[in-house]
Amino acid sequence: MSGFTHFDAQGQAHMVDVGAKPATHRTARASGRIVMQPATFALVREGTASKGDVLGVARIAGIQGAKKTSELIPLCHPLALTRVSVEFELDGPGNAVTCTATAETVGPTGVEMEALTAVQVALLTIYDMCKAVDRGMVIEGVRLLEKSGGKSGEWKAPAQPPR
């Protein structure tokens, strides 16, 4: 299983040993979106959904999701996050909400999974809060946008996601 760091020489899953890696400042930014019916989008935009401030709750949920990543993804290391931000952009013509999350730490391993988890949890929270009026919402395009720090340094996603 060469190339996959979470497998040993015998193909057994294991947690990667990061004990000898230097602590560096690491950041990761991820995004994704949820597409909904126009009436649902209006409720989110106007903050009038019956469950309250959908985006405010989703922001907190995304931050909490980033903090709990190692509890959700079996081989992730628990990290001391130094910052997590979750932002939303409303796309009226597309009836969509885009979520972008940034995670940061100073440590021996990256925060890509924390940024991706923050996006997914925030979007799932929007779905949960709006499902009573729109069960057909679609979460799409969740991906890593960029990361920095560590041995591999900087990485940026191509402008168009692969399909």
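Preceding this section is the structure that the text describes.
Everything numeric here is computed off the predicted structure, so don't read it as measured data.

Rules and cut-offs
Residues numbered from 1 in each chain as written. Predicted model: local features only at pLDDT ≥ 70, side-chain atom pairs only at ≥ 80, totals over all residues. Heavy atoms only, no water. Salt bridge = Lys/Arg side-chain N within 4 Å of Asp/Glu carboxyl O. Helix = DSSP H or I, 4+ residues; strand = E, 2+ residues; numbered from the N terminus. Buried < 20%, exposed > 50% of the residue type's maximum accessible area, 1.4 Å probe, protein only. Axes fitted to C-alpha atoms, helices over the stretch in contact; angles between N-to-C directions. Left-handed = near helix turned anticlockwise from the far one by under 90°. Contact = heavy atoms within 4.5 Å. Nonpolar A, V, L, I, M, F, W, Y, C, P; charged D, E, K, R; others polar. Core = buried A, V, L, I, M, F, W, Y, C linked by side-chain atoms within 4.5 Å.

Caption draft 1: Spatial organisation of the pattern of salt bridges. For the structure on display, the rule yields eight salt bridges. Across the salt bridge formed by Arg33 and Glu140, the nearest N and O atoms sit 2.8 Å from each other. Residue Arg33 is found in strand β1 (residues 24-35), and its partner Glu140 is found in strand β4 (residues 138-148); the two are separated by 107 residues along the sequence. Arg33 gets classed as partly exposed once you look at its relative accessible area, which sits at 24%. In this structure, Arg45 and Glu46 form a salt bridge, with 3.3 Å as the shortest nitrogen-oxygen distance.

Caption draft 2: Structural detail: the packing of helix α2 (residues 54-67) against helix α4 (residues 112-130). With their axes 7 Å apart at the nearest point, α2 and α4 run at an angle of 145 degrees to one another. α2 and α4 meet at a crossing whose hand is right-handed. The residues of α4 that touch α2, namely those facing Val54, Leu55, Val57, Ala58, Ala61, Gly62, Gly65 and Ala66, are Glu114, Thr117, Ala118, Val121, Ala122, Thr125, Ile126, Met129 and Cys130. Looking at the contact of α2 with α4 residue by residue, the class counts come to 12 nonpolar, four polar and one charged.

Caption draft 3: Inspection of the nonpolar core at higher detail. Membership of the largest hydrophobic core comes to 29 residues, with the highest contact counts inside it found for Met36, Val86, Phe88, Val97 and Ile126. Put simply, the parts of the chain that give this core at least two residues each are β1, α1 (38-46), α2, β2 (81-91), β3 (96-107) and α4. Broken down by element, the residue count for this core peaks at nine residues, all from α4. Leaving out residues up to four positions away in the same chain, Val86 has contacts with Arg59, Gly62, Ile63, Cys99, Thr100, Ala101, Ala118 and Ala122.

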